[in-house]
Amino acid sequence: MHELTLVQGILDSVNESSSREDRRVARYTVGVGELAQFDVRLLRKLFRDLSKNTTLEGAKVSFVREKARLRCLGCERTMSFGDLSGQLSQQEKEMVHFLPELLNSCAKCPSCSRSYFEIDAGRSVRIVEIAFD
Amino acid sequence: MPSTRRSCSADFRKGMIEKRLRRVRSIILILSGKGGVGKSVISAALAEILAQAGLKVGLLDADVYGPSSALIFGVHDFPKEKANGLVPPSRSGVKLMSVDLFASGRPVPITGLATVQVLTEVLALTDWGELDYLLVDMPPSTGDIMMFLTSLEKRKTSALVVSMPDRLSTGVASRVLTLLRSERFRVIGILGNMVRKAPSLSEGASSLETLASASRAPLLGVLPFDEGAAAAVERGDIDGLVRTRFSAQLRRSVKRHIDQS
């Protein structure tokens, strides 16, 4: 599961921020973009397990679900993932789960039928904010 | 001390890529600026030649719009998910990663900046392990992908520029070399490709020598147009490709570089 790799990457980055600031991390917020279709319960467990016995063990992690906002570069229509996800097979959803930009390889704009979207929000996981003691 | 909040705009994946690339000794970008000059075939053959020399080799197909490395190697497996990331499929000793392993032949109509997102994700997630060489089959153009990949790990990355002898190819290669120089990027040298037999061979070699001299980069070698190599690529036969006259000349051209490694 590549969620584990990404969670470790976030923890390393938060930890490096802590070292750079020379302050303990009290809490941090992770944005969870809708396109990557991650299970927040799984992410929560991974953050808990992977931060055990590290300097981030006591830090509180919270999650903000970020709705996907897509813009068709053909006709400028803005849309949600829900407007497109019905077009995708299970295999295509899996593709988008790994590489959200591949939505353009398998979905068409409901208005102009082009497959030329830009992702304005809700791509994948990201660090939103870190609070230090 | 009062608590402080910092909002984050930095991309945590950059740190992941740095860590991955620490385990790679040398990165070679194979580029030309122009399409159709044989970058992908040279990248594949070179990867296989290095692997046959006992080196640990990875090949990243960075041509998001027109990937072909997976076809040349005859690899179509979705990368396996393991605890340390995505494990690239391996063929004849070369680990291969390509967007096409995810897209499975579908077109990828995305913007230049979106290609950078895709390659950032692929580089952050791919567990190459220890590598002597990571070869990168670059797309045509001097656009976003080139600017992104030439900014990574500059100290261990160098460029191999491929050009055919015609003036359309050398003209674009010259611009690429100018850009690499202005970026203070290390250039191993130039490889001439698809040079036909005399009388055009001498003309071809001459135009490539002019390119090399004007750009102050060595001309490493001149590879022949080889129908045997073209046929091996058509068959997806990488083992056959490295047995051709084309690959023998490529091996001689890069020998000094391999011997120094």
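J.: I'm lost on the packing of helix α1 (residues 13–21) of chain B against helix α5 (residues 112–125) of chain B in this one. Help?
T.: For any two helices packed against each other, the geometry is given by the interaxial angle and the distance between the axes. Residues and elements named next belong to chain B. Two elements in contact, α1 and α5, have axes separated by 8 Å at closest approach and are oriented at 50°. When the axis of α1 is compared with that of α5, the two are oblique. Here the hand of the crossing between α1 and α5 comes out left-handed. Contacts from Arg-13, Met-16, Ile-17 and Arg-20 in α1 reach Thr-120, Glu-121, Leu-123 and Ala-124 in α5.

J.: Sorry, what's going on with helix α1 (residues 2–21) of chain A here?
T.: Each α-helix winds once per 3.6 residues, and so residues spaced three or four apart point in a common direction. Taking 1.5 Å of rise per residue, 20 residues should cover 28 Å, and α1 of chain A covers 29 Å from first to last C-alpha, within 8% of that figure. When α1 of chain A is considered as a whole, its buried residues turn out to be Thr-5, Leu-6, Val-7, Gly-9, Ile-10, Leu-11, Ser-13 and Val-14 of chain A. Along its buried surface, α1 of chain A packs onto β1 (25–33), α2 (40–51) and β6 (125–132) of chain A together with α1, β5 (85–87) and α5 of chain B. Once α1 of chain A ends, the next one or two residues include Asp-22 of chain A, with phi positive near 60°.

J.: Can you help me understand the domain arrangement of chain A in this one?
T.: By a frequent convention, interface size equals the accessible area lost on bringing the separate parts together. Residues and elements named next belong to chain A. Each assigned domain of chain A is listed with its residue range as follows: domain 1 (2–67 + 121–132) and domain 2 (69–120). A C-alpha centroid distance of 26 Å is found between domain 1 and domain 2. Across the contact, 10 residues belong to domain 1 and 11 residues belong to domain 2. Looking at the side of domain 1 that touches domain 2 residue by residue, the classes come out as 3 nonpolar, 4 polar and 3 charged.

J.: What am I meant to see in the environment of Ala-217 of chain B here?
T.: Residue and element names in this part refer to chain B. Inspection of the secondary structure puts Ala-217 in the loop between α8 (200–215) and β11 (219–224). Ala-217 sits in the buried class, given 20 other C-beta atoms within 10 Å. When the C-alpha positions of Ala-217 and Val-187 are compared, they lie 6.8 Å apart, and in sequence the two are 30 residues distant.

J.: Please clarify how the sheet that holds strand β5 (residues 117–121) of chain A should be interpreted in this entry.
T.: Consider a sheet: its strands pair through backbone hydrogen bonds, and that pairing is either parallel or antiparallel. All names here are of chain A. Strands sit in the order β4-β3-β5 across an open sheet of 3 strands; the sheet is antiparallel. Only two strands of the sheet have a single neighbouring strand rather than two, namely β4 (78–79) and β5. Examined bridge by bridge, strand β3 (residues 69–72) and β5 share 4 bridges and lie antiparallel to one another. Paired with Arg-69 across the strands is Ala-121, a residue of β5.

Thresholds, definitions, all that
Residues numbered from 1 in each chain as written. Chains lettered and ligands numbered in written order. Predicted model: local features only at pLDDT ≥ 70, side-chain atom pairs only at ≥ 80, totals over all residues. Axes fitted to C-alpha atoms, helices over the stretch in contact; angles between N-to-C directions. Helix = DSSP H or I, 4+ residues; strand = E, 2+ residues; numbered from the N terminus. Parallel < 35°, antiparallel > 145°, perpendicular 65-115°, else oblique. Left-handed = near helix turned anticlockwise from the far one by under 90°. Contact = placed C-beta atoms within 7 Å. Expected span 1.5 Å × (residues − 1). Buried ≥ 20, exposed ≤ 12 C-beta atoms within 10 Å, placed from the backbone. Domains from an automatic or database assignment. Nonpolar A, V, L, I, M, F, W, Y, C, P; charged D, E, K, R; others polar. Pairing = 2+ DSSP bridges.

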